[in-house]
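Fold and contact review
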Amino acid sequence: MTELIPVDSLIEKTAAQLKSVLDERAIKDPLMVGIHSGGVWVAERLHAGLGLSEPLGTLDISFYRDDFSRIGVHPQVRPSRLPFQVDGRHVVLVDDVLYTGRTIRAALNELFDYGRPASVLLAVLIDRGQRELPIAADVCGMQLQLPSDDQIKLQGPDPLTLVIRKTA
Amino acid sequence: MNLQLDSQGRLRHFLSTEGLPRALLTQILDTAESFSGVIDKSVKKVPLLRGRTVMNLFFEASTRTRTTFELAAKRLSADVINLDVARSSTVKGETLLDTLRNLEAMQCDMFVVRHNDSGAAHFIARHVRPGVSVINAGDGRHAHPTQAMLDMFTIRQYKGGFEQLRVAIVGDILHSRVARSEIHALNTLGAAEVRVIGPRTLLPRHIEDLGVRVFYDMKQGLKDVDVVCMLRLQRERMDGALLPSESEFFRLYGLTEDKLAVAHPEAIVMHPGPINRGVEIASSVADGPRSVILPQVTNGIAVRMAVMSLAMGSAADSESRGTA
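Reading guide: rules and limits
- Residues numbered from 1 in each chain as written.
- Chains lettered and ligands numbered in written order.
- Predicted model: local features only at pLDDT ≥ 70, side-chain atom pairs only at ≥ 80, totals over all residues.
- Axes fitted to C-alpha atoms, helices over the stretch in contact; angles between N-to-C directions.
- Helix = DSSP H or I, 4+ residues; strand = E, 2+ residues; numbered from the N terminus.
- Parallel < 35°, antiparallel > 145°, perpendicular 65-115°, else oblique.
- Left-handed = near helix turned anticlockwise from the far one by under 90°.
- Contact = placed C-beta atoms within 7 Å.
- Nonpolar A, V, L, I, M, F, W, Y, C, P; charged D, E, K, R; others polar.
- Expected span 1.5 Å × (residues − 1).
- Buried ≥ 20, exposed ≤ 12 C-beta atoms within 10 Å, placed from the backbone.
- Arc of directions from axis to C-beta.
- Pairing = 2+ DSSP bridges.

Considering the packing of helix α1 (residues 8-24) of chain A against helix α2 (residues 38-50) of chain A
All names here are of chain A. Contact geometry of α1 with α2 gives a least axis separation of 10 Å together with a crossing angle of 55°. Judged on the interaxial angle alone, α2 and α1 are oblique. When the axes of α1 and α2 are compared, the crossing they make is right-handed. Residues I11, T14, A15, L18 and K19 of α1 form the contact with α2, whose participating residues are V42, R45, L46, G49 and L50. Class assignment for the residues of the contact of α1 with α2 results in six nonpolar, two polar and two charged.

Topic: α1 of chain A
Residue and element names in this part refer to chain A. Taking 1.5 Å per residue as the helical rise, α1 with its 17 residues ought to reach 24 Å, and the 24 Å between its terminal C-alpha atoms agrees with that figure. When we look at burial in α1, the residues that qualify are T14, A15, L18 and L22. The buried residues of α1 occupy an angular sector of 100° when the element is viewed end-on, so they sit on one face. Looking at α1, the residues exposed on the side facing more than 90 degrees away from the buried face are S9, S20, D23 and E24. On its buried face, α1 sits against α2, β4 (90-98), β5 (119-127) and β6 (139-143). One or two residues past the end of α1 sits A26, with phi positive at roughly 55°.

Quick look at the interface of chain B and chain A
Listed by partner, the interface residues are 18 residues for chain B and 17 residues for chain A. The element best represented in the side of chain B that touches chain A is helix α11 (residues 293-321) of chain B, accounting for seven residues. Split by residue class, the side of chain B that touches chain A holds six nonpolar, nine polar and three charged.

Some details on the sheet that holds strand β8 (residues 161-165) of chain A
Hydrogen bonds between backbone atoms are what pair the strands of a sheet, whose relative direction is either parallel or antiparallel. All names here are of chain A. Within the open sheet, the three strands sit side by side as β1-β8-β7. Their pairing is antiparallel. Only two strands of the sheet have a single neighbouring strand rather than two, namely β1 (2-6) and β7 (151-155). Sheet twist, expressed as the average angle between the axes of neighbouring strands with direction ignored, equals 20°. Note that β7 and β8 share five bridges and pair antiparallel. In the strand pairing of β8, K153 is matched with V163.

Here's the deal with the sheet that holds strand β5 (residues 166-170) of chain B
All names here are of chain B. Taken in spatial order, the five strands make up an open sheet running β7-β6-β5-β8-β9, and their pairing is parallel. Bordering the open sheet on either side are β7 (213-215) and β9 (268-270), each of which pairs with just one other strand. When the angles between neighbouring strand axes are averaged without regard to direction, this sheet yields 20°. Relative to strand β8 (residues 227-230), β5 is paired through four bridges, and the arrangement is parallel. Counterpart to I169 in the pairing with β8 is C229.

As for α2 of chain A
Residues and elements named next belong to chain A. Under the 1.5 Å per step criterion, the end-to-end length of α2 is 18 Å for 13 residues, consistent within 8% with the ideal 18 Å. Among all positions in α2, only G38, G39, V40, W41, V42, A43, R45, L46 and H47 are buried. Packing partners of the buried residues in α2 comprise α1, β2 (31-35), β3 (57-59), β4, β5 and β7. Looking one or two residues beyond α2, the residue adopting positive phi is G51, at roughly 60°.

In structure tokens form, the structure reads like this:
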């Protein structure tokens, strides 16, 4: 069974939540970094929605993954581009779906190879549960409890659609 | 079966550009491009090969190639051991195999091999245990595939692609493993025309069979080309009878601004280094605006990172499955 979820309202909700968390923590001028590829699409919209001044950064975490010895180099790796200094800055890390937490672990490791941010905050469109690491989102548009066999994927970049494939 | 590929067609060893499909050469170039961002970071490393050991096995002197392989491995977080084995004509067959078994017993994951015998890297690749990859860093007159791929990377960087390009390879083709690897790579990647230019004594017989046009005159050969690949005059390999003198060679085949004037106005000039100024290339060209010789050196690191990570990725996988 396949289910399609429109994401415009979800992104608006995530943006509003992110704004209130930033206000709450008195973070004025955060840097935003999207994780390839879905996270970049979401980040582009959040970045525009919040009217951030610094350019958007992008991370491809393929070279930091923990499954190299099982599957080797991932195809179609793009260079990571962080067009700013992260030292002492507040960073909003953006991904589309939070699942095992391994991608975020890899992204944090890569981010810290660029410098030492003052803080890192995680914003995701969807938290689908099934965590394997002690990682949590600070901002999350929607929470689901999907079994591991089900697949959820953000298709894009234009239009953005969330596709859920359920096995049962 | 191609020794260079695993059962799924992935790069297992990198020994030669000959016989590899275009998709794989393109994958090497694309992967190299994705490593180009690594130098932007304050920590100029990725943890991809953490905990793995690369052994640089150089039976023949080399500074640049060994250094860039070492730097590439270190940027991938691998541990590197440099082994400069003295140049010796007796290092063959059984002796080479014995050396190999001893080094394997030290549990390394990759051999980067340079040897003055053609086929040495293939020999080692045929005899290593599963899970170990071999990269050819130059074997005799046969192949120097990572140099050819960094040249392809540089050409793509400056020219965007290969389909429309005329490329001339100039100089001592006979002794050049770089020329051979470049010719195979350029033809596989679909270059419009590959030319070789040199004196008859330095051009191998039947070189046309590799898919090149042969020229004995510089101005004819360089006419309208987009890329000029100069070769080093291999003085240490010269028998003496092949050339009248270095100054005579420079007069006829040395790349000067005058000869370069017949090439395409935006032609780039490449050289694998180290250059012999005033022998195969004039200083004004080597240091001039068309020269991309130093970008070639920079690109060599990303290309070697790509080849090492691709080969080690498939090797690790085949080891975990228990197949070679």
